[in-house]
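Per-entry structural report
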Amino acid sequence: QVQLVESGGGLVQAGGSLRLSCTASGSTFSLNAFEWYRQVPGKERGLVAAISSGATTSYSDSVKGRFTISRDNAKNTVYLQMSSLRPEDTAVYYCGARVLSTFPPRFYWGQGTQVTVSS
């Protein structure tokens, strides 16, 4: 089992920055990719950024060039540095961790952290 705890959300003005953290505990040796999602009320949770075990990253078009995902394997932590924030970035942000060594593959969610960007 894996537990994920996010932190770093809050209220920020448009144009500002925030850094989200997601720390994993438990069977962290089994983790492969980490992913950040976000969700607003009434909409599906959408993928924002992903990072593989080899530190390959990918981003949704809406955040490319503004957000940076990174990981510190020694601390079992993944980060989402968010810059040039816009009101439309307001959402609950969720960390996800993927385990590929099992069949079927497993996916774990954190509890979410609120990010609010004021105009």
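Residue numbers here run from 1 along each chain, matching the order of that chain's written sequence. Reporting in this predicted model follows two pLDDT cut-offs: at least 70 for local features of residues, and 80 or more for side-chain atom pairs to be given and counted; totals over whole chains, interfaces and linings ignore these cut-offs and use all residues. Excluding hydrogens and water, the side-chain figures rest on all heavy atoms present in the structure.

Remarks on the pattern of salt bridges
To keep it simple, the criterion reads: For salt bridges, the criterion is a side-chain nitrogen of Lys or Arg within 4 Å of an Asp or Glu carboxyl oxygen. Every helix listed is a DSSP run of H or I at least four residues long, and every strand listed is a run of E at least two residues long, numbered separately from the N terminus. To sort residues, take the accessible area from a 1.4 Å probe on protein chains only and compare it with the maximum for the residue type: under 20% means buried, over 50% means exposed, and anything in between is partly exposed.
Tallying each qualifying case throughout the model produces 4 salt bridges. The partner of Asp89 in a salt bridge is Arg38, and the shortest N-O contact between them spans 2.9 Å. Placement of Asp89 in the loop between β8 (77-82) and β9 (91-99) and of Arg38 in strand β4 (residues 34-39) is noted, with a sequence separation of 51 residues between them. Of the two residues, Asp89 and Arg38, neither departs from the other in class, the shared state being buried. Of the charged contacts in the structure, one is a salt bridge between Lys64 and Asp61, with a shortest N-O distance of 3.3 Å. Neither Lys64 nor Asp61 differs from the other in exposure class; each is exposed. Here the salt bridges do not stand alone but share partners, grouping Arg38, Arg66 and Asp89 into one network.

With respect to the sheet that holds strand β7 (residues 67-72)
What counts here: In this analysis, strands are considered paired if DSSP registers two or more bridges between them. Here an angle of 0 to 180 degrees is reported between the N-to-C directions of two axes, which are lines fitted to C-alpha atoms, with helices fitted over the stretch in contact.
Spatial ordering of the open sheet is given by β1-β3-β8-β7, a layout of 4 strands whose pairing is antiparallel. The sheet is open, and its two borders are formed by β1 (2-7) and β7, each paired with just one other strand. Direction aside, neighbouring strands of the sheet carry axes that sit 15 degrees apart on average. Examined bridge by bridge, strand β3 (residues 18-26) and β8 share 6 bridges and lie antiparallel to one another. By the bridge assignment for β8, Leu20 is matched with Leu80.

Points about the state of the cysteines
So the rule is basically this: Cysteine sulfur atoms are paired as a disulfide whenever they come within 2.5 Å of each other.
A complete count under the given rule lists 1 disulfide for this structure. Bridging Cys22 to Cys95, the disulfide has an S-S length of 2.1 Å. Taking the sign of the S-S torsion, about -75 degrees here, the bridge from Cys22 to Cys95 comes out left-handed. One end of the pair, Cys22, is in strand β3; the other, Cys95, is in strand β9, and 73 residues separate them in sequence. Classification of Cys22 by relative accessible area gives buried; the value is 0%.

Brief notes about the side chain of Arg71
Here is the rule: Positive charges come from Lys and Arg alone, negative charges from Asp and Glu alone, with His and the N- and C-terminal ends not counted. Side-chain atoms alone can form a polar contact between residues adjacent in sequence; in general such a contact is a pair of N or O atoms within 3.5 Å, and within protein one must be able to donate a hydrogen while the other accepts it. Any pair of residues with heavy atoms lying within 4.5 Å of one another is described as a contacting pair.
As for its placement among the helices and strands, Arg71 is situated in strand β7. As a buried residue without a salt bridge, Arg71 has its nearest oppositely charged side chain in Asp72, at a separation of 8.5 Å. Engagement of the side chain of Arg71 in a polar contact is seen with the backbone oxygen of Ser52, the distance being 2.8 Å. Among the polar contacts listed, one links the side chain of Arg71 to the side chain of Asn73, at a separation of 2.9 Å. Non-local contacts of Arg71, meaning those with residues more than four positions away in its chain, are made with Asn32, Ala33, Phe34, Ile51, Ser52, Ser53, Thr77 and Val78.

What is shown is where atoms sit, not what they do.
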